[in-house]
Amino acid sequence: MGQNNYTSLHGFILLGFSDHPKLEMVLSGVVTLFYFIMWVGNTAIILASLLDSHLHTPMYCFLRNLSFLDLCFTTSIIPQMLVNLWGPDKTISYVGCVTQLYVYMWLGSTECLLLAVMSYDRFTAICKPLHYLVIMNPHVCLKMIITVWSISLAVSVLLCTLTLNLPRCGNNLLDHFLCELPAMIKIACIDTTTVEMSVFALGIVIVLTPLGLILISYGYIAKAVLRIKSKEGQQKAINTCGSHLTVVSIFYGTIIYMYLQPGNSVSKDQGKFLTLFYTIITPSLNPLIYTLRNKDMKNALRKLVRVDCESTKSKRNQKS
């Protein structure tokens, strides 16, 4: 216990990419750029969908949640990562590491479940269009969102508490750029097979169950789209679902490759780059993916830019 107290007093050392000093300089620039893009893109989606009354629908309510989630998810990691990349100090306090561990797990789990809820929303809109607004009424949407965040919080508390209770025997070197579950389990000084199996089992539930529901939803959607006689109607349905399906493919593909493989089949550097991909690149791409083929969102963003330009002009006129 005394050795665990050492960690709580001195914190952890995040090794990250410290064995590649030149790469750290390049990464700091790339990460800063994508972090800025992520903030601008997701903030724009939140503001546009709130200010445009045409976007006050269940689909955009869930999309706002996803954008807010991406903002929080990335911000829980990137500022600390940039501090470590920019300077020789690679430490993170015990409280900071524990907070990052819980938040990272909570928000990552929430995204898995939220993407499943969004697929159900698309299934209802396309397969049951006449009953869509009755089934997906604001009260039901709110219940779904609260349930998703609550289940994910419970999973995070369970897994992270289980991991933090493992004796570390003074080990505080984390071979990663953030405090995440596998990295924390690796520095334990006892046999962690039981904990690893528990994490793997819950990982299957929190990752593969939502993915299964998404695939079933899109199976029904594909059947419904093929029954639509007009090409215009088919194209509209494909555009509506294509964005979500692209995000699902990128997010789940990376997660499954990273966490649901037995043993150490992913090398440590490969694992770091994959984690970097879904923690900063994917949240940066999401706004682009959702607006690229969505006319309503494009129009809402144009209005937002127009309002901003007009307010800037009026301020200048007042000064002059």
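Residues numbered from 1 in each chain as written. Predicted model: local features only at pLDDT ≥ 70, side-chain atom pairs only at ≥ 80, totals over all residues. Heavy atoms only, no water.

Applied cut-off: UniProt positions are given in the numbering used here, feature names are shortened, and annotations may be inferred rather than shown by experiment.
For the protein chain, the name recorded in an unreviewed UniProt entry is Olfactory receptor, with Acinonyx jubatus as its organism. According to UniProt, the comment filed for the protein chain under the heading Function (unreviewed entry) is "Putative odorant or sperm cell receptor." Note on the protein chain: under the UniProt heading Subcellular location (unreviewed entry), the record states "Cell membrane".

1. Focus: the overall build of the protein chain
We apply this condition: To qualify as a helix, a DSSP run of H or I must reach at least 4 residues; to qualify as a strand, a run of E must reach at least 2; elements of each kind are numbered from the N terminus. Exposure is judged per residue with a 1.4 Å probe applied to protein chains only, and the accessible area is read against the type maximum: over 50% gives exposed, under 20% gives buried, and values in between give partly exposed. Whether two residues are in contact is decided by their heavy atoms, any of which lying within 4.5 Å being enough. Note on areas: these come from Shrake-Rupley sampling with a 1.4 Å probe, and a residue is covered only by the protein chains present in the view.
What the protein chain contains, in helices and strands, is 12 helices and three strands. Of all 320 residues assigned to the protein chain, the portion counted as buried reaches 46%. Considering only residue pairs separated by 6 or more positions, the protein chain has 79% of its internal contacts joining residues 24 or more positions apart. Of the roughly 16,600 Å² of accessible surface on the protein chain, a fraction of 68% belongs to carbon and sulfur atoms.

2. A few points about the packing of helix 5 (residues 94–127) against helix 7 (residues 138–164)
What counts here: Axis definition: a line fitted to C-alpha atoms, over the contacting stretch in the case of helices. Angles run 0 to 180 degrees between N-to-C directions. Rotating anticlockwise by less than a right angle from the far helix to the near helix defines a left-handed crossing, while the corresponding clockwise rotation defines a right-handed one. Throughout this entry, Asp, Glu, Lys and Arg are counted as charged residues, while Ala, Val, Leu, Ile, Met, Phe, Trp, Tyr, Cys and Pro are counted as nonpolar. The remaining residues, Gly among them, count as polar.
Between helix 5 and helix 7, the least distance of the axes is 8 Å, while the angle of their chain directions is 145 degrees. Here helix 5 and helix 7 pass one another in a crossing that is right-handed. Per-class residue counts for the contact of helix 5 with helix 7 are 20 nonpolar, five polar and no charged.

3. Details of the UniProt feature "transmembrane region" (unreviewed entry) in the protein chain
The feature "transmembrane region" (unreviewed entry), as annotated in UniProt, sits at residues 25–50, 62–82, 102–120, 140–164, 200–221, 242–260 and 272–292 in this numbering. A distance of 27 Å separates the end C-alpha atoms of residues 102–120, which is 100% helix and 0% strand.

4. Examining the layout of surface pockets
The line we're drawing: Buriedness of a pocket was judged along seven lines, with at least five required to meet protein on both sides within 12 Å; pockets are open sets of points on a 1 Å grid over the protein atoms alone, cavities are sets where a 1.4 Å probe fits but cannot get out, and lining residues have an atom within 4 Å of a point. Grid points are joined across faces, edges and corners, and a volume is the space filled by probe spheres set on the points.
Quantified by volume, the second largest pocket comes out at close to 740 Å³. What lines the second largest pocket is a set of 24 residues, among which Met59, Arg122, Lys236, Thr240 and Asp296 lie closest to the centre. Residue assignment for the lining of the second largest pocket shows that the elements contributing at least two residues are helix 3 (58–75), helix 5, helix 6 (132–135), helix 10 (231–259) and helix 12 (295–319). If you tally residues by element for the lining of the second largest pocket, the top one is helix 10, at eight residues. Residue composition of the lining of the second largest pocket, grouped by class: 11 nonpolar, seven polar and six charged.

5. Details of the side chain of Arg122
Filter applied, for reference: Polar contact is the term for a pair of N or O atoms within 3.5 Å; when the atoms are in protein, one must be able to donate a hydrogen and the other to accept it, and sequence-neighboring residues count only if both atoms are side-chain atoms.
Along the chain, Arg122 falls in helix 5. Assessed through its relative accessible area of 7%, Arg122 is described here as buried. In this structure the side chain of Arg122 is engaged in a polar contact, spanning 2.9 Å, whose partner is the side chain of Asp121. Beyond its immediate sequence surroundings of up to four residues, Arg122 is in contact with Met59, Tyr132, Tyr218, Ile221, Thr240 and Cys241.

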